[in-house]
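This is what each chain is made of:
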Amino acid sequence: MMQSIVFFLLAALTLGGALAVINLKNIVHSVLCLIVTFLGVAGIFLTLRADFLAAVQVLVYAGAVSILVIFALLLVNQGDGKMAETNPYSRFGYLGVAAAMLFFGFLSFSLIKTTWQTTGIAAAATSVGEIGVRLLSQYVIAFELAAVLLLVAMVAAIIIGREVKDHA
Amino acid sequence: MLSNILEFFDNIFLYIAGLIRHFFAWLGFNATVTEIGMGLVYFIAIIAVCVLCALFYVIWERKLAGYIQRRPGPNRLGPNGWFQTIADAIKLLTKEDVVPLNADRVVHLWAALLIFVPPMLSLAVIPFGRQMAALDLSIGLFYLIAVSALSTIPIFMAGWGSNNKYSLMGAMRGVSQMISYEIPMVFSLLGVVLITGTLEMQSIVAAQNHIWFVFLQPVAFIIYLICGLAETNRAPFDLPEGESELTAGIYTEYSGMRYALFFLAEYCNLFVIASIGTTVFLGGWQGPFLPGWVWFLGKTFVLFSFFIFCRWTFPRIRVDQLMNFGWKFLVPISLANILITSIVLFVFNNGLGW
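Residues numbered from 1 in each chain as written. Chains lettered and ligands numbered in written order. Predicted model: local features only at pLDDT ≥ 70, side-chain atom pairs only at ≥ 80, totals over all residues.

A.B. asks: Any chance you could explain the overall build of chain A here in plain terms?
C.D. replies: Helices and strands together make up the secondary structure of chain A, namely 6 helices and 0 strands. Buried positions account for 17% of the 168 residues belonging to chain A. Nonlocal contacts in chain A, meaning residues at least 24 apart in sequence, comprise 59% of its contacts between residues at least 6 apart. (Helix = DSSP H or I, 4+ residues; strand = E, 2+ residues; numbered from the N terminus. Buried ≥ 20, exposed ≤ 12 C-beta atoms within 10 Å, placed from the backbone. Contact = placed C-beta atoms within 7 Å.)

Quick look at the structure:
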């Protein structure tokens, strides 16, 4: 009972935030609403007892969004009066609705078709230790590959940044 | 007899919480409503701690600043000027709240309120004394890191919403600074997590009953203090404000109580940083004779005074120096600290050498 009330509140927050992201014309407002959406998702993780995942969601998504805001600003700052039309993708409304419906249909189709396995084991009180052990044993290759990928991206970013500086 | 009295004072807040819980039961609430009610009580207690600390530390900073600069500091209102902050707060509350015409109104106004969310959320897991944490999460320390990552957003909102060049530049500086210094800060806390093997705040405190982690992780402690100053935008890292370059940075367009709210939040943030430092490095509430919460407040007071001392001693750092110092000095050192800690722990745990 209590859990479903909390779930519906969080779902409303998440969906409301997401709707605001696509409907607002000002991109800074969109990004701020995106933070609300991320926090709502983190709350849903919490109701599923995935406390570590919820904290990661807040740290990586909601926290790092501020960098996204800076990029948004650097790219679209158009001076006074034009800020109201800096979220250009909100123009493609009908296309967006169609794409979203398609994606939603695909997701719900696969969700219904999948047979979900349940184990008798109760959810652990804390997931962080188990996640750590799994990441460095069972999934160590994927984990290290992701790390290498991030490193490559970082080095590339530094090189690109330096080059621009040299030409200027 | 004496030990009984001390134990009573050690647990006094637990007794008060128990009394309130009994009061809810006496009113005939069921378990769920009682839990929600207790949550509200904890929330109000955290707000009270925040505001009282800010009130005290504002006047204490002004006093200490006066002492450092060889002047009396505020000394008119009340005994030795100790009521100055209260008078200031009343003055600021009655001032007109000016909002610029072209400001992004909603963003501008909400920034001053949302700036309180991260410190409030952080204080919820801080153990103020024996069993005295509103929440004892199993991922306590990680929760703190995650929540403090949110503190960049109100800063940015303030800078953007004001529709002022100085504000925006202050916000850009603030965000890049806070993101850069978060990394060595997390690494410095990681050394302690490696030693204790837990993220739970109370367990970290309990692990320090023989030796404080400041002695096992001195480098991490120093890095933590530096990054703590940078995270809270305090001098010598107060670039987002930077009054000699940016008027008042992100605070330029705020007036009256909203301006004061930012400073209140700054002191709350500083209190949070001091609390985490106390819990993780200085043994938390543990100490002989005196009640745990007195020890906790005493240790945070010492750390806080150190932060004030830093502010009034060091000149402001330059932007390029700030980034170089963070990325080329603090990050490598904190990484090396983690590496050395891991190696020592591995050797120690496997019984080699020793």
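Okay, back to it.
A.B. asks: I tried to follow the overall build of chain B on my own but got confused; where do I start?
C.D. replies: For chain B, the helix and strand inventory stands at 16 helices and 0 strands. What you see for chain B is a C-alpha radius of gyration of 22 Å, in line with the 20 Å of a compact globule of 354 residues. The C-alpha extent of chain B, read off along each of the three principal axes, is 65 × 60 × 45 Å. Within chain B, buried positions represent 44% of all 354 residues. Relative to all contacts within chain B whose residues are 6 or more apart in sequence, the contacts with residues 24 or more apart total 77%. (Rg over C-alpha atoms; globule rule 2.2 N^0.38 Å.)

A.B. asks: What am I meant to see in the interface of chain A and chain B here?
C.D. replies: One frequent convention defines the size of an interface as the accessible area lost when the parts assemble. Contacts between chain A and chain B engage 19 residues on the former and 22 residues on the latter. Those elements giving two or more residues to the side of chain A that touches chain B turn out to be helix 2 (27–47) and helix 3 (51–76) of chain A. The dominant element in the side of chain A that touches chain B, judged by the number of residues it contributes, is helix 3 of chain A, at 11 residues. Looking at side-chain class alone, the side of chain A that touches chain B contains 14 nonpolar, 3 polar and 2 charged residues. (Nonpolar A, V, L, I, M, F, W, Y, C, P; charged D, E, K, R; others polar.)

A.B. asks: Before we go on, may I ask you to explain the nonpolar core in this structure?
C.D. replies: Generally speaking, soluble globular proteins have nonpolar side chains that are buried together. Core analysis: the largest hydrophobic core is formed by 105 residues, its most contacted members being Ala 55 and Val 58 of chain A together with Ala 146, Ala 171, Tyr 224, Tyr 267 and Phe 271 of chain B. Not counting residues within four places of it along the chain, the set of residues in contact with Ala 55 of chain A comprises Ile 139, Phe 142, Tyr 143 and Ala 146 of chain B. (Core = buried A, V, L, I, M, F, W, Y, C linked by C-beta atoms within 7 Å.)

A.B. asks: Sorry if this is basic, but what is going on with helix 7 (residues 140–149) of chain B here?
C.D. replies: Because each turn of an α-helix spans 3.6 residues, side chains separated by three or four positions end up pointing in the same direction. Along helix 7 of chain B, 10 of the 10 residues are buried, which leaves the element largely enclosed by surrounding structure. The complete set of buried residues in helix 7 of chain B reads Gly 140, Leu 141, Phe 142, Tyr 143, Leu 144, Ile 145, Ala 146, Val 147, Ser 148 and Ala 149 of chain B.

A.B. asks: Would you explain the environment of Gln 138 of chain A in this entry?
C.D. replies: All names here are of chain A. Structurally, Gln 138 is set in the loop between helix 5 (128–135) and helix 6 (140–167). Assessed through the 10 C-beta atoms surrounding it within 10 Å, Gln 138 is described here as exposed. As a C-alpha pair, Gln 138 and Gly 40 span 98 residues in sequence and 30 Å in three-dimensional space.

A.B. asks: What am I meant to see in the packing of helix 5 (residues 105–114) of chain B against helix 8 (residues 152–161) of chain B here?
C.D. replies: In a packed pair of helices, the relevant descriptors are the angle between the two axes and the axis-to-axis distance. Residues and elements named next belong to chain B. Helix 8 packs onto helix 5 with a crossing angle of 150 degrees between their chain directions and a minimal axis gap of 8 Å. Viewed along their axes, helix 5 and helix 8 adopt a mutual orientation that is roughly antiparallel. The crossing of helix 5 and helix 8 is left-handed. Of the residues in helix 8, those touching helix 5 at Val 107, His 108, Trp 110, Ala 111 and Leu 114 are Pro 154, Met 157, Ala 158, Trp 160 and Gly 161. For the contact of helix 5 with helix 8, the per-class residue count stands at 8 nonpolar, 2 polar and no charged. (Axes fitted to C-alpha atoms, helices over the stretch in contact; angles between N-to-C directions. Parallel < 35°, antiparallel > 145°, perpendicular 65-115°, else oblique. Left-handed = near helix turned anticlockwise from the far one by under 90°.)

A.B. asks: What's the story with the packing of helix 14 (residues 256–281) of chain B against helix 15 (residues 292–311) of chain B in this structure? I'm lost.
C.D. replies: Residue and element names in this part refer to chain B. Two numbers describe how helix 14 lies on helix 15: the axes approach to 9 Å, and their chain directions differ by 120 degrees. With respect to their mutual orientation, helix 14 and helix 15 come out oblique. Here helix 14 and helix 15 pass one another in a crossing that is right-handed. Where helix 14 abuts helix 15, its residues Leu 270, Phe 271, Ala 274, Ser 275, Gly 277 and Thr 278 lie against Phe 296, Lys 299, Thr 300, Leu 303, Phe 304 and Phe 307.

A.B. asks: I keep staring at unusual backbone geometry and nothing clicks. Help me out?
C.D. replies: Only a minority of non-glycine residues have a phi that is not negative, and only a minority of peptide bonds are not trans. Residue and element names in this part refer to chain B. Residue Arg 70 is not a glycine yet carries a positive backbone phi of 55 degrees. Position of Arg 70 among the secondary structure elements: in the loop between helix 3 (31–68) and helix 4 (84–94). Although it is not a glycine, Asn 233 sits at a positive phi angle of roughly 60 degrees. For Asn 233, the position within the fold is in the loop between helix 12 (218–231) and helix 13 (243–246).

A.B. asks: Explain the environment of Leu 34 of chain A to me, please; I cannot follow it from the model alone.
C.D. replies: Locating Leu 34 of chain A in the fold gives a position in helix 2. Taking the C-alpha atoms as reference points, Leu 34 of chain A and Val 97 of chain A, 63 residues apart in sequence, are found 18 Å from one another.

A.B. asks: Teacher, can you tell me more about helix 2 (residues 12–26) of chain B here?
C.D. replies: For helix 2 of chain B, which comprises 15 residues, the first-to-last C-alpha distance of 21 Å matches the rise-based estimate of 21 Å (1.5 Å per residue) to within 8%. Positive phi shows up at Gly 28 of chain B, right after helix 2 of chain B, with a value of about 90 degrees. (Expected span 1.5 Å × (residues − 1).)

A.B. asks: What is the right way to look at the confidence of the model for chain A in this model?
C.D. replies: Residues shown with low pLDDT carry predicted positions that ought not to be read at fine detail. Looking at chain A, pLDDT values average 80 and 80% of them are 70 or higher. Mean pLDDT in chain A bottoms out at helix 3 of chain A, which sits at 76, and peaks at helix 4 (residues 93–113) of chain A, which reaches 88. (pLDDT = per-residue confidence, 0-100.)

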